[in-house]
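# Commentary on secondary and tertiary structure
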Amino acid sequence: QVQLVESGGGLVQAGGSLRLSCAASGRTFSSYAMGWFRQVPGKEREFVAAISGSGGNTYYADSVKGRFTISRDNAKNTVYLQMNSLRPEDTAVYSCAADSLILRVRIIPPRCEYWGQGTQVTVSS
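Presented here is an overview of the structure given in this document. Just so we're clear, the structure is a prediction, and the values are computed from it rather than from any experiment.

### Looking at the overall build of the protein
- For the protein, the helix and strand inventory stands at 1 helix and 11 strands.
- Shown N-terminal to C-terminal, the secondary structure of the protein runs as helices and strands in the order β-β-β-β-β-β-β-β-β-α-β-β.
- For 125 residues, the compact-globule estimate of 2.2 N^0.38 gives 14 Å, and the C-alpha radius of gyration of the protein, at 13 Å, lies within 12% of that figure.
- Overall, the protein is about 40 × 30 × 25 Å in size when its C-alpha atoms are taken along their principal axes.
- Per-residue burial for the protein yields a buried fraction of 43% across its 125 residues.
- Of the contacts made within the protein by residues no fewer than 6 positions apart, 58% connect residues no fewer than 24 positions apart.
- Summed over its atoms, the accessible surface of the protein is roughly 6,600 Å², and 47% of this surface lies on carbon and sulfur atoms.
- For the protein, the centre of its 13 positive side-chain charges and the centre of its 9 negative side-chain charges are spaced 3 Å apart.

Listed below in structure tokens is the structure:
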């Protein structure tokens with residue numbers, strides 16, 4: 001069993017930055033691929049970024065490529081999402097997810113085994 005807890009959301013002006021964190025329980029964190037997703041009310045969940053268990057492979061949605069960076073610290077059981085040059089359209093609830101297979105993190109819709117509760121990110125214009 002893996003429990004995920006996100007933090008770091010908040011209100012920021014357009015052009016600003018935020019760093020989200022997702023802390024995971026368990027002793028096998030490095031065996032899980034991790035992903036960040038976002039959702040706006042009334043819309044489907046959207047893939048943002050994913051990272052392999054070792055951290056050696058990362059994947060991004062085109063809408064965030066070059067602005068967001070996913071990383072992980074397996075010693076701290078934490079995955080991060082550094083968000084720069086934020087835009088109002090980045091406003092959403094951001095959730096992290098974990099699965100033993102990176103494929104299940106990247107496919108649409110995702111098939112991740114574990115999900116966090118989410119953290120609100122609001123970007124004002």
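### As for the state of the cysteines
- The final tally for this structure, using the stated rule, is 1 disulfide.
- Here C22 engages in a disulfide with C96; their sulfurs sit 2.0 Å apart. What sets the handedness of the C22 and C96 disulfide is the S-S torsion sign, and at about 55° it is right-handed. One end of the pair, C22, is in strand β3 (residues 18-24); the other, C96, is in strand β9 (residues 92-99), and 74 residues separate them in sequence.

Calculation rules
- Residues numbered from 1 in each chain as written.
- Predicted model: local features only at pLDDT ≥ 70, side-chain atom pairs only at ≥ 80, totals over all residues.
- Heavy atoms only, no water.
- Helix = DSSP H or I, 4+ residues; strand = E, 2+ residues; numbered from the N terminus.
- Rg over C-alpha atoms; globule rule 2.2 N^0.38 Å.
- Buried < 20%, exposed > 50% of the residue type's maximum accessible area, 1.4 Å probe, protein only.
- Contact = heavy atoms within 4.5 Å.
- Areas by Shrake-Rupley, 256 points an atom, 1.4 Å probe, with all protein chains shown as cover.
- Lys, Arg positive; Asp, Glu negative; His and termini not counted.
- Charge placed at Lys NZ, Arg CZ, Asp CG, Glu CD.
- Disulfide = S-S within 2.5 Å.

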